[in-house]
Every structure is written in structure tokens, then in C-alpha cells.
Amino acid sequence: MLFSLTPSPEIQHLSLYSSENLNALLFVLPALFAGFKNYLPSPSKEQILCHRPRGLQCISPLVQSVEETPEPIPAKIKGHIPKWINGNLLRNGPGKFEFGNDKFNHWFDGMALLHQFQLAHGTVTYRSRFLQSSSYLRNSQHNRIVASEFGTLAMPDPCKSIFGRFLSRFEPIQPSDNCSVNYVLYKGDYYVSNENIFMHKVDPETLETKEKVDWSKFIAVNGATAHPHYESDGTTYNMGNSYGKHGSSYNIIRVPPQEPGHGDTLEGGRVVCSIPPMDRAKPSYYHSFGMTENYIIFIEQPLKLNLLKIITSKLCGKAIYDGINWEPQHNTYFHVVNKHTGEVLPGHWCSKPFVTFHQINAFEERGCVVLDLCCQDEGTSLALYTLQNLRRSGEGLDQVRSLTLLPQNPGQELLLCSKAGLDGMENVWCTHENLHPEGFEKVGGLEFPQINYSGYNGRRYRYFYGCGFGHLVGDSLIKVDVETKNFKVR
């Protein structure tokens with residue numbers, strides 16, 4: 001075997017294998033909710049036709065600015081919510097897309113709007129607040145976009161002289177603190193995060209912005225993902241890049257639970273392991289990673305951050321996302337790290353090029369690491385989610401949707417699974433295996449996977465849930481049985 005893991009009695013699915021174990025290296029669809037009411041049987045092969053939607057409903061109202069609702073209001077309920085479900089559902093996302101006459105270009109640029117759905121005894125109330133980030137406050141104060149975002153370059157102050165506006169081109173782009181991606185937990189406190197160097201601590205009850213936190217003040221990284229992993233004792237693992245004179249590094253981060261002698265925020269956090277990129281000047285973009293009982297699995301994909309382009313983007317009049325390039329001439333690589341010792345397992349696991357944003361689950365089985373995730377064969381989808389595209393209607397919207405459905409290989413955009421075979425003494429080549437019936441992907445995409453996290457993360461599991469994408473945005477809920485590969489749609 002290429003490497004040996006201590007097997008867990010509770011486990012099984014993507015195997016980064018040896019020649020003796022051609023089990024499952026699963027790359028799969030995704031999930032989000034339970035509570036399905038109308039279950040549909042998995043369609044037969046004959047029933048599934050190539051799905052190229054026409055006449056899609058315009059979704060422009062979903063990507064328009066809204067007002068915040070700081071005081072709770074009653075929500076309208078369709079159906080029935082069991083009275084035993086009590087708590088807050090917290091969500092985060094873009095909610096404001098212009099300031100004055102300036103407009104953002106990309107969906108990811110909108111100012112973070114925090115949402116709370118409070119469930120109590122069968123009723124639901126809703127409230128929302130804009131995150132009081134420096135980006136939001138500065139833009140509001142000047143009534144124009146003064147803080148650059150992922151897809152929007154802030155223009156120089158029109159009140160400056162011509163020479164002053166010219167010199168401003170040479171000022172480096174400041175990292176945004178517009179944390180619009182996800183809620184995360186560290187030491188029992190709630191934060192909102194994007195993938196930059198800043199997070200904001202927030203009050204989950206009132207949605208008030210409490211404190212701005214700079215990762216680099218605690219750990220030698222320049223940011224971290226918005227999708228950390230958690231252990232039952234409160235320990236949090238994450239990944240973040242660092243940049244220095246020798247180029248970039250991928251870093252696995254461990255933040256301990258709240259302990260006597262350690263302060264709040266990220267105190268006591270440390271880098272467990274640093275991994276050099278295949279190309280230090282062009283590290284991989286990654287949005288999440290996998291974690292089992294004993295291992296971190298990092299996927300180095302050929303969606304590249306061209307650091308020179310990003311550093312000089314303001315000088316060239318370009319946005320940050322213009323420095324992210326899909327380079328399918330390179331393979332995708334898997335790095336397996338012992339999260340207790342920081343040791344990187346020897347050997348190279350690789351597959352044909354693909355892009356993944358969200359993993360479903362990972363676990364250990366019979367000396368293998370199994371990884372399930374959502375994949376695309378083609379890595380240019382980020383550029384499609386401009387506000388101009390999302391606000392189209394008619395044939396224009398249909399054309400954008402066709403690009404997301406059929407990037408290169410019809411039906412392969414959101415799903416890859418692999419079995420591995422030996423290629424030389426130290427290389428393992430991974431090919432794909434699906435976690436769904438043949439032809440399922442032609443029905444539409446599936447993303448944003450969720451499992452019963454507290455019960456099954458890092459362990460063998462059976463079900464996951466996801467958002468179905470018959471449109472550019474999620475329009476259904478899907479439950480997948482990874483053992484039978486059947487699915488149910490609502």
C-alpha cells in the first residue's frame with residue numbers, strides 16, 4: 001500500500017488509494033436541508049433527457065439592494081413547522097449592490113447582510129442587519145464605492161487632482177472586511193467571514209457587529225476560509241495562505257477551544273502544517289477542505305491565483321478576480337496531512353483537472369481516506385456570476401445558464417468520483433466514480449452540501465442534502481442516498 005492509516009470502526013467513501021484497495025474515492029454532489037414533503041423516485045435512465053432550460057424566470061429581483069430589518073417581524077409560513085424545533089437559523093450574503101451612482105460588478109461584491117430566522121413553538125420571526133464593516137461604513141460615508149471588492153475596482157477620488165488620481169493607482173489594494181460568505185465559530189463565539197484577513201464577531205441574537213478581528217495578529221497567515229471544521233470539544237481547524245519573500249504557502253490552522261489562560265478570539269491558535277504550492281507564484285484557489293478523525297485533506301486544483309496579476313491589478317485597472325485563472329493543463333492534487341502531528345503523508349495523489357468549492361464529507365476506512373465532494377470539469381464559473389449576467393432575462397438568461405450547465409463535458413460539472421491505481425512507486429492516479437444514478441447530472445446541477453454534521457462528520461454516513469440548480473440559483477432541495485445512489489427532490 002502507498003500509505004497506511006489507522007482504520008476507524010465507524011467509517012467508509014473517496015479513497016486516496018493503493019493498488020490493493022480500489023474502493024471509492026468519491027467526488028460528489030451536495031446538500032442543504034431536510035424536511036422533504038413530496039419525494040420523487042429516482043428517474044430511470046430512459047426518463048432522463050438532456051436538460052437545457054429555456055424561458056427561465058428572471059431572477060433580477062434576487063440580486064437587487066434591500067433595506068435591513070433590524071427589528072423582528074413575523075414571517076408567513078406555508079405548511080407546518082414542528083413545535084419542538086426552536087432556535088435561530090443564521091444566514092449571510094450580499095444585500096447592497098450600489099452606493100450613489102457607483103455599482104458593484106459581481107454578485108460576491110455586495111455588502112454583507114446578516115439574516116436571522118427565529119423559530120419558536122411553530123412560529124418564525126425574521127430580522128436582518130448590514131454588517132458594520134469598514135468597507136460598508138466608508139462606502140456609506142462617501143456615498144460611492146471607495147473599497148475595492150472581488151469583482152469591482154474602486155475608482156480614485158474624483159476630488160483629487162489628476163496627478164493625485166494617477167498616484168492612487170500605485171497604492172496597493174487593501175483587503176476587504178466585507179464578510180459576506182458564512183458564519184463561523186471560534187471558542188463558542190460567532191463570527192462572519194469571507195476569505196480575507198479580517199473577520200467580524202457578531203451577536204447571534206441581535207445581529208449587532210461587535211469586533212473586527214485580524215487573523216495576522218494571532219497566526220502567521222493572511223486569511224482563512226469561511227468553511228472551517230469543528231471537533232466535539234470545540235477545537236476548530238481551518239486553512240489559510242501566507243505570503244512571503246519565498247512565495248506563498250498553504251497552512252493548516254488549529255484554534256483550541258476556550259481554555260483557562262487563553263483569551264477570546266484566536267489566542268492559542270497555531271499553524272499545524274505548511275504545504276508549498278506546486279507553483280509558489282501561482283497558488284491554487286480553494287474554498288474548503290476535508291477532515292477525518294485523523295487527517296486533513298487539501299485539494300490543490302488548477303484554479304490559480306496569479307499573484308503578480310493580483311498585486312498589479314489596481315495599476316492595470318483590473319479587479320481581483322481578473323487574477324484568478326483556470327489552467328486545465330495542470331492536474332488536481334490531493335495532500336493528506338496528519339492533523340495531530342502535522343506530518344504530510346508521502347506520495348502524490350492526483351486526478352484530471354477539476355474544480356471544487358464544497359466538500360460533502362471525508363472519513364477513514366480500511367486503511368484509506370475517503371472524500372466526497374462536489375466538482376466541476378471546468379473552472380470558469382466564477383466569471384459567470386456577474387450582476388449583469390444574473391439580471392438578464394429571456395434568451396440572454398438562457399444562454400448564461402447553458403454555460404453553467406455545459407462548460408466542457410455535458411453532465412460532468414458538479415460531480416466527480418474517483419478510484420485510484422498506482423502510477424509508479426509514489427504516484428496514485430485518481431479517476432472518477434459517481435454517487436448518483438447515471439444521467440442524474442442532466443437534470444440540473446447540485447451544490448451546497450450538508451450532512452448531519454455533529455453526528456457524522458469524519459465518519460461513514462449515508463445521506464446528504466443539497467440545493468438543486470435547475471436555474472442559476474438554487475431552486476430545489478435534494479436528498480441523496482450515497483449507498484443506493486438514489487435521490488429525492490422537493
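Up top is the structure.
Keep in mind it's a predicted model, so treat the numbers as computed, not measured. (Residues numbered from 1 in each chain as written. Predicted model: local features only at pLDDT ≥ 70, side-chain atom pairs only at ≥ 80, totals over all residues. Heavy atoms only, no water.)

**Considerations on helix α1 (residues 134-142)**
And step 1. All of the buried residues in α1 are S135, Y136 and N139. Here the buried residues of α1 occupy an arc of 100° about the axis, which is enough to place them on one side.
And step 2. Tucked inside the fold, the buried residues of α1 contact β2 (87-96), β3 (98-99), β5 (111-120) and β6 (123-130). (Buried < 20%, exposed > 50% of the residue type's maximum accessible area, 1.4 Å probe, protein only. Helix = DSSP H or I, 4+ residues; strand = E, 2+ residues; numbered from the N terminus. Arc of directions from axis to C-beta. Contact = heavy atoms within 4.5 Å.)

**Some thoughts on the sheet that holds β2**
And step 1. Spatially, 4 strands are ordered β1-β6-β5-β2 in an open sheet, and the strand pairing comes out antiparallel. Lying at the two open borders of the sheet, with one neighbouring strand each, are β1 (73-74) and β2.
And step 2. Note that β1 and β6 share 2 bridges and pair antiparallel. The residue of β6 that forms the bridge with P74 is T125. (Pairing = 2+ DSSP bridges.)

**With respect to the environment of G470**
And step 1. Within the secondary structure, G470 is located in the loop between β26 (463-469) and β27 (476-481).
And step 2. For G470 and L56, which are 414 residues apart along the polypeptide, the C-alpha to C-alpha distance reads 9.2 Å.

**Notes on the pattern of salt bridges**
And step 1. As enumerated under the stated definition, the model contains 11 salt bridges in all.
And step 2. The salt bridge partner of E231 is K339, with a shortest N-O separation of 2.6 Å. You can see E231 sitting in the loop between β11 (229-230) and β12 (236-244) and its partner K339 sitting in the loop between β19 (332-338) and β20 (348-351), a full 108 residues away along the chain.
And step 3. On the accessibility criterion, K339 (2% relative accessible area) is buried.
And step 4. One salt bridge connects R462 with E483, and the closest N-O pair in it is separated by 3.7 Å. Here E483 lies in the loop between β27 and β28 (487-489) and R462 lies in the loop between α6 (453-456) and β26, a separation of 21 residues in the sequence.
And step 5. One network of salt bridges, with partners in common, ties together E365, R366, R460, R462, D481 and E483. (Salt bridge = Lys/Arg side-chain N within 4 Å of Asp/Glu carboxyl O.)

**Observations regarding the sheet that holds strand β13 (residues 247-255)**
Backbone-to-backbone hydrogen bonds pair the strands of a sheet. The strands run either parallel or antiparallel.
And step 1. With antiparallel pairing, 4 strands are arranged side by side in an open sheet as β11-β12-β13-β14. One side of each edge strand has no neighbouring strand; the edge strands of this open sheet are β11 and β14 (270-275).
And step 2. Where β12 meets β13, 9 bridges bridge the pair, whose relative direction is antiparallel. Residue pairing in the sheet places G240 in a bridge with N251 of β13.

**Focus on the nonpolar core**
A general feature of soluble globular proteins is that nonpolar side chains tend to end up buried together.
And step 1. One finds F99, F104, M111, L390 and L472 to be the most contacted residues of the largest nonpolar core, which totals 20 residues.
And step 2. Looking at this core, the elements that each hand over two or more residues are β5, α4 (387-390) and α5 (395-405).
And step 3. Apart from residues no more than four positions distant in its own chain, F99 is found in contact with F104, M111, Y136, N139, S140, N143, R144 and I145. (Core = buried A, V, L, I, M, F, W, Y, C linked by side-chain atoms within 4.5 Å.)

**Brief notes about the side chain of E447**
And step 1. Note on placement: E447 falls in strand β25 (residues 445-450).
And step 2. For E447, the side chain forms a polar contact with the side chain of H358, separated by 2.8 Å. (Polar contact = N/O pair within 3.5 Å; in protein donor to acceptor, adjacent residues only side chain to side chain.)

**So, the pairing of strand β9 (residues 198-202)**
And step 1. Of all 5 residues making up β9, 5 are buried, and the element is well covered by its neighbours.
And step 2. Residues F198, H200 and V202 point to one face of β9 and M199 and K201 to the other, with burial holding for every one of them.
And step 3. Relative to β9, strand β8 (residues 189-193) runs antiparallel, the two sharing 3 bridges. The residue of β9 that forms the bridge with Y191 is K201.
And step 4. Between the antiparallel neighbours β8 and β9 lie 4 residues.
And step 5. Pairing of β9 with strand β10 (residues 209-214), which is carried by 5 bridges, proceeds in the antiparallel orientation. When the sheet's bridge partners are listed, F198 is paired in β10 with D214.

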